Amino acid sequence: MENKEKISINGVDDVESFDENNIILVVDEELLIIKGFDLKINKINTETGERYL
């Protein structure tokens, strides 16, 4: 996490759902739920599984 503004996550298998308050990811067959305000997914690399939020 960078300055409480950006987060980079590796090993993401899928994006279950997302909106401006919640992002639900599947990481190594487990759910990762990110909660906040005005959330955005800025970049997704489908080959490496990297997500930039």
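The structure reproduced in this document is the subject of the present report. No experiment lies behind these values; they were computed from the predicted model shown. (Residues numbered from 1 in each chain as written. Predicted model: local features only at pLDDT ≥ 70, side-chain atom pairs only at ≥ 80, totals over all residues. Heavy atoms only, no water.)

Within the protein, the secondary structure is distributed over 0 helices and 6 strands. If you list the helices and strands of the protein from N to C, you get β-β-β-β-β-β. Out of the 53 residues belonging to the protein, those deemed buried represent 19%. Looking at the protein as shown, the accessible area adds up to about 4300 Å², and 45% of this sits on carbon and sulfur atoms. (Helix = DSSP H or I, 4+ residues; strand = E, 2+ residues; numbered from the N terminus. Buried < 20%, exposed > 50% of the residue type's maximum accessible area, 1.4 Å probe, protein only. Areas by Shrake-Rupley, 256 points an atom, 1.4 Å probe, with all protein chains shown as cover.)

This part is about the nonpolar core. One recurring pattern in soluble globular proteins is that nonpolar side chains are buried together. With 6 residues, the main nonpolar core is built from Ile9, Val12, Ile23, Leu25, Val27 and Ile34. No other element matches strand S3 (residues 22–27), which puts 3 residues into this core. (Core = buried A, V, L, I, M, F, W, Y, C linked by side-chain atoms within 4.5 Å.)

On the surface, a cluster of negative charge is made up of Asp13, Asp14, Glu16, Asp28, Glu29 and Glu30. In terms of residue count, strand S2 (residues 12–18) provides more of the negative patch than any other element does, 3 residues in total. Along the chain, Asp14 turns up in strand S2. (Patch = residues over 30% accessible without salt bridge, like charges linked within 9 Å, V, L, I, M, F, W, Y side chains within 5 Å. Salt bridge = Lys/Arg side-chain N within 4 Å of Asp/Glu carboxyl O. Lys, Arg positive; Asp, Glu negative; His and termini not counted. Charge placed at Lys NZ, Arg CZ, Asp CG, Glu CD.)

Quick look at the pattern of salt bridges now. Opposite charge on two side chains permits them to pair, given that their charged atoms come into close proximity. Overall, the coordinates contain 1 salt bridge when judged by the stated rule. The salt bridge partner of Lys40 is Asp38, with a shortest N-O separation of 3.3 Å. For Lys40, a relative accessible area of 48% corresponds to the partly exposed category. Under the relative-accessibility criterion, Asp38 is labelled exposed at 55%.

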